[in-house]
Amino acid sequence: MFEATDPNAIQLTPDGQLRHFLTIEGLPRELLTEILDTADSFVDMSQQQVKKVPLLRGKTVANLFFENSTRTLSTFELAAKRLSADVLNLNINTSSTKKGETLKDTLMTLEAMHSDMFVVRHADSGAAHFIAQHVTPNVAVINAGDGRHAHPTQAMLDMLTIRRHKGAFEPLTVAIVGDILHSRVARSQIHALRTLGVGEIRVIAPKTLLPRHIEALGVKVYTEMTPGLRDVDVIMMLRLQKERMQSALLPNESEFYKLYGLNRDKLAYAKPDAVVMHPGPINRGVEIESEVADGPRSLILDQVTNGIAVRMAVMSKAMSGQLSQREELIQEEQA
Amino acid sequence: MNIVIQGGRVIDPTQHWDEVADLYVQDGTIVALGQAPEEFVADEVIDARDQVVCPGLIDLCTNLREPGFTQKGTIASETAAAVAGGITTLVVTPDTRPIVETAAVAELIQDRAADLGFARVLPMGALTQGLAGEQLAPLHGLASSGCVAFTNMRNAIHNSQTLLRCLEYAATHDLLVVFQAQDNALAGNGCMHDDTTSTRLGLVGIPETAETIEVSRCLLLVEQTGVRAHFGQLSCERSVRLIEAARERGLQVTADVTIQNLLLTDECVNGFNSAYHLQPPLRSPLDRAGLRQGLVTGTITAICSDHQPHDPIAKQAPFAATEPGMSGLETLLPLSLSLVEQQLIELPQLIETLTAAPARILDIDAGTLEIGSQADICIFDPAAEWTLTPEALRSAGKNTPFLGQTLKGQVNATLMDGRIVFRR
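Per chain, the residues get numbers from 1 upward, laid out in the order the sequence is written. All chains are assigned letters beginning at A, and all ligands numbers beginning at 1, according to the order in which they are written. Local features in this predicted model are restricted to residues whose pLDDT is 70 or higher, and side-chain atom pairs enter the listing and the counts only when it is 80 or higher, whereas totals over whole chains, interfaces and linings include all residues. Values reported for side chains reflect all heavy atoms of the structure, with hydrogen atoms and water molecules removed beforehand.

In the annotation of an unreviewed UniProt entry, the entry for chain B reads Dihydroorotase, and the organism field reads Marinobacterium marinum.

Going by an unreviewed UniProt entry, chain A carries the name Aspartate carbamoyltransferase and comes from Marinobacterium marinum. UniProt positions are given in the numbering used here, feature names are shortened, and annotations may be inferred rather than shown by experiment. Checking UniProt for chain A, the heading Function (unreviewed entry) contains the comment "Catalyzes the condensation of carbamoyl phosphate and aspartate to form carbamoyl aspartate and inorganic phosphate, the committed step in the de novo pyrimidine nucleotide biosynthesis pathway."

Here it is, written out as structure tokens:
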């Protein structure tokens, strides 16, 4: 009695195709693998002379960024253009909502422009779910980061990067290091790593930067780098926002760097072939030492390249799920 | 006006009544049970066969929204909703605009409700001016103007010295203080219970210590001052135990709980449905079990709706950006009846938590069918099933997570002061 329904059902069509991409949580392993396979083919394509495919020709993708992000916005823009879509970039000042225009009003205005896909970044957790629930069924919603909740394309590009370097997921031990509490990236990474069957997932952070009961997501919690990094295959660093020092979460940057910054000494605890990742932009000397960030074990630039391919894969999959649903709706109307 | 309520199952815990009998009302007063008084001629006959006849319900926490927020609800819409839910007495919060900190506002609310004539409205006054937690509100004057209790709501009085003085002053005049315990620094900008679900959803959590620390601090100062104190809308199992321990030490403190906290848990927030954005937040299954246990053992004596009607816009945003609270007047009784269905408590005991117990907490003459008392009566069909739709709600607030659910138990008639104020 009085229980809620499956919250993530919204992102799949009745026959299990992707129609929105809001969170990794709840998606089947096969679907994640399909996205990675498709993305793999786009990585190869990006090395060719002609980098475009016509998968989204005639479609309009609106990038709705309620929170500034040059990097994510440009990779989504490039991904959409390589799929031959028309792209509309909107940096929506969140203060316009304070002037009385609600998010719903904004959406209705944008719907009137007949976009086929919204790529959404918003400071509130659940914003992408909200938008998916309130737009017409003809618009696919891709979550480009919502609050602390999810950043599923970032996690998928990380998975692609891992797979291209390590092959199988099962034997791996992966450590996620830094500000887990505020990180949508970490949450999506954890869901993706679990779904893809990674052997062991660790998080390493001081208690002030760990959300309550994070272990319930299927991770081992470490508060120190030395045991946490021992024998890991993959180290995923997180970005630390400077404002964390002002709220008694951390004393200062240098203490954080000393304890949790990744330098060559700490990297030595990991396996000899361990790789290092970071979603960027990097704070050198806060989360990571330059020699590590630029070193042979760093995959940070691969992540950027893979990011475009993964976003192409997710956009093309969601659009095809969306189109098959539209056809069903048309058939239903005719019947 | 003479009314006879015929053939209903009359339940009144204060009189130890639970029998099928006729109930007689004359000129606003209950005059007889079973046998008609001599020369009684009924002007109106209410057929109550297969129905329960009990005292009109008393809701310890309702936000009326008027004055100040009439886009969310008005005294007219919400008191009409109350009687449709069998509630004849509403204790209303002081967070209107202007705040209930002057006799004028307290009187305005009561006058408007009296003119409308649906439900009895008993205002709570602000404990401090502007609910700001700094200067005492004129408690004695407000009490003279009809305020039955004083609260600072969820704006905990940060300065313990100020809180101590507020309690001492209230104790001086033997006034009831109601705590909606929450440490604001710990609650921060949280929007749900701090636990695995908030971690997964990336929503900022309100830890249970936000409530338990404030309950502890208040209990210690209640003990020091001897003030009459009530804790409203407990949400944590540990709060129940703190109250229990205080009562065992001899403190005369009381507590209530919302029906939603007895039925739902934080897992409902999965999917970011803003209807579940509530304050106090829905907590863990363990907390829910503790609250239910508290009700059974009598540490918690009353159930309330914590009615917070909203306009649709208030709930149409990403979860954390929505306003907390649910519209609850019309679902208080049917949802509470599900506790009987679940065999947590017996029907007479449930009715006590909705009638006599809140009357005792407030120390008011209500919540009884005793011969000679004012005829506030609720008549409901415990077996009637109905679907909760926005159209079925008389409240201006359609914000309830129970929309679309089939509820069991429906009010068919409500009498206030011997007048039929609602009839289906």
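Structure's up, so let's keep going.
Visitor: Let's hear about the domain arrangement of chain A: which residues, and what values?
Guide: Interface size is commonly expressed as the accessible surface area that is lost when the partners come together. Residue and element names in this part refer to chain A. You can read the domains of chain A as domain 1 (7-150 + 304-334) and domain 2 (152-299). Where each domain starts and ends comes from a domain assignment, either automatic or drawn from a database. When each unit is reduced to the centre of its C-alpha atoms, the spacing between domain 1 and domain 2 is 26 Å. Joining two parts hides part of their accessible area as seen by a 1.4 Å probe, and the buried area is that hidden amount summed over both. Carbon and sulfur atoms make up 59% of the surface buried where domain 1 meets domain 2, a total of about 2,500 Å² over both sides. For the domain 1 face of the interface with domain 2, the top three residues by lost area are R29, L36 and R148, together amounting to 27%. Think of a salt bridge as a Lys or Arg side-chain nitrogen and an Asp or Glu carboxyl oxygen that are within 4 Å of each other. Where domain 1 meets domain 2, there are 6 salt bridges.

Visitor: Talk me through the UniProt feature "binding site: carbamoyl phosphate" (unreviewed entry) in chain A; I want residue IDs and the actual numbers.
Guide: All names here are of chain A. Following the UniProt record, the feature "binding site: carbamoyl phosphate" (unreviewed entry) maps to R71, T72, R121, H151, Q154, G280 and P281 here. Residue position: T72 is located in helix α2 (residues 70-82). In this view, T72 contacts F65, R121, A144, H151 and R311; residues no more than four positions away in its chain are not counted. Identification of polar contacts relies on pairs of N or O atoms within 3.5 Å, with a donor-acceptor requirement for protein atoms, meaning one able to donate a hydrogen and the other able to accept it, and with residues adjacent in sequence counted only if both atoms are side-chain atoms. Within the structure, the side chain of T72 is placed 3.1 Å from the side chain of S69, a separation counted as a polar contact. Secondary-structure assignment places R121 in strand β3 (residues 117-122). Contacts are residue-level and defined by heavy atoms, with any inter-residue pair within 4.5 Å sufficient. Those residues in contact with R121 that sit more than four places away from it in its chain are L64, F65, F66, E67, N68, S69, T72, A144, G145, H151 and R184. Separated by 2.8 Å, the side chain of R121 and the backbone oxygen of A144 make a polar contact. Secondary structure counts use DSSP, requiring at least four H or I residues in a row for a helix and at least two E residues in a row for a strand, with both numbered from the N terminus.

Visitor: Mind laying out the sheet that holds strand β1 (residues 60-65) of chain A, listing which residues take part and the relevant values?
Guide: Residue and element names in this part refer to chain A. The pairing criterion for strands is at least two bridges between them, as found by DSSP. Reading across from one edge, β2-β1-β3-β4 is the order of the 4 strands in this open sheet, with parallel pairing throughout. If you trace the sheet from one side to the other, it starts and ends with β2 (86-91) and β4 (140-146), each paired once. Ignoring which end each strand starts from, the neighbouring axes of this sheet average 15° apart. Examined bridge by bridge, β3 and β4 share 5 bridges and lie parallel to one another. Paired with V119 across the strands is I142, a residue of β4. For every element, the axis is a line fit to its C-alpha atoms; helices are fit only across the contacting stretch, and the angle between N-to-C directions ranges from 0 to 180 degrees.

Visitor: Can you explain the layout of surface pockets? Please cite residues and give values.
Guide: Residues and elements named next belong to chain B. Considered as a void within the structure, the second largest pocket measures approximately 470 Å³ in volume. A cavity, in this analysis, means grid points on a 1 Å lattice covering only the protein atoms where a 1.4 Å probe fits yet has no way out; a pocket is instead an open set bounded by protein on both sides within 12 Å along at least five of seven lines, and a residue lines either one if it has an atom within 4 Å of a point. Forming the boundary of the second largest pocket are 24 residues, of which N273, S274, A275, K315 and Q316 lie nearest the centre. Ten residue types, Ala, Val, Leu, Ile, Met, Phe, Trp, Tyr, Cys and Pro, are classed as nonpolar, four, Asp, Glu, Lys and Arg, as charged, and the remainder, Gly among them, as polar. The residue inventory of the lining of the second largest pocket, partitioned by class, reads 10 nonpolar, 11 polar and 3 charged. Grid points are joined across faces, edges and corners, and a volume is the space filled by probe spheres set on the points.

Visitor: Break down the pairing of strand β3 (residues 29-33) of chain B for me, citing the residues and quoting the values.
Guide: All names here are of chain B. Alignment of strand β2 (residues 17-26) against β3, held across 4 bridges, turns out to be antiparallel. Residue pairing across strands places Y24 opposite A32, the latter belonging to β3. The turn linking β2 back onto β3 is made up of 2 residues, and D27 within it adopts a positive phi angle of 50°.

Visitor: I'd love a proper account of the packing of aromatic side chains, names of residues and values included.
Guide: Residues and elements named next belong to chain B. Centre distance within 6.5 Å is the pairing criterion for rings of Phe, Tyr and Trp, where only the six-membered ring of Trp is used; planes under 30 degrees apart are then read as stacked, over 60 as edge-to-face, and the remainder as tilted. Counted under the stated rule, the structure contains 3 aromatic pairs over all chains. Ring plane angle 80° and centroid distance 5.1 Å describe the contact between Y24 and F40, whose orientation is recorded as edge-to-face. Remark: F40 occurs in the loop between β3 and β4 (44-47) and Y24 occurs in strand β2; sequence separation between them is 16 residues. Only protein chains enter the area calculation, which uses a 1.4 Å probe; residues under 20% of their type maximum are buried, those over 50% are exposed, and those in between are partly exposed. Given the relative accessible area of 8%, Y24 is considered buried.

Visitor: Account for the state of the cysteines, naming residues and giving values.
Guide: Residue and element names in this part refer to chain B. For the purposes of this analysis, a disulfide is any pair of cysteine sulfur atoms at a distance within 2.5 Å. What the rule picks out here adds up to 0 disulfides over all chains. The cysteine C236 is free of any disulfide, with C218 supplying the nearest cysteine sulfur at 14 Å. C236 gets classed as buried once you look at its relative accessible area, which sits at 0%.

Visitor: Tell me about the interface of chain B and chain A, and please be specific about residues and values.
Guide: Across the boundary between the two partners, chain B contributes 28 residues, which contact 26 residues of chain A. Inspection of the region where chain B meets chain A yields 1 salt bridge. A salt bridge links R200(B) to E25(A); the nearest nitrogen and oxygen atoms lie 2.5 Å apart. Across the contact surface, chain B and chain A share 5 residue pairs in polar contact (both at pLDDT 80 or more). Looking at the side of chain B that touches chain A, the elements with two or more residues in it are α6 (196-201) and α11 (332-341) of chain B. Sorting elements by how many residues they give to the side of chain B that touches chain A places α6(B) first, with 4 residues. Its residues assigned to classes, the side of chain B that touches chain A comprises 15 nonpolar, 9 polar and 4 charged.

Visitor: Report on the UniProt feature "binding site: L-aspartate" (unreviewed entry) in chain A, specifying residues and quantitative values.
Guide: Residue and element names in this part refer to chain A. Within this structure's numbering, the places UniProt gives as "binding site: L-aspartate" (unreviewed entry) are K99, R184 and R239. When you line up the elements, R184 lands in helix α7 (residues 184-195). Here R184 falls in the buried class, since its relative accessible area comes to 12%. Look past the residues within four positions of R184 in its chain and what remains in contact with it is E67, R121, H122, G145, D146, G147, R148, H149, A150 and H151. Here the side chain of R184 touches E67 through a polar contact of 2.9 Å, side chain to side chain. By relative accessible area, R239 is classed as partly exposed at 29%. Leave out the neighbours within four places in its chain, and R239 touches D179, H278, G280, P281, I282, N283 and E287. Of the polar contacts made by the side chain of R239, one reaches the backbone oxygen of P281; its length is 2.7 Å.

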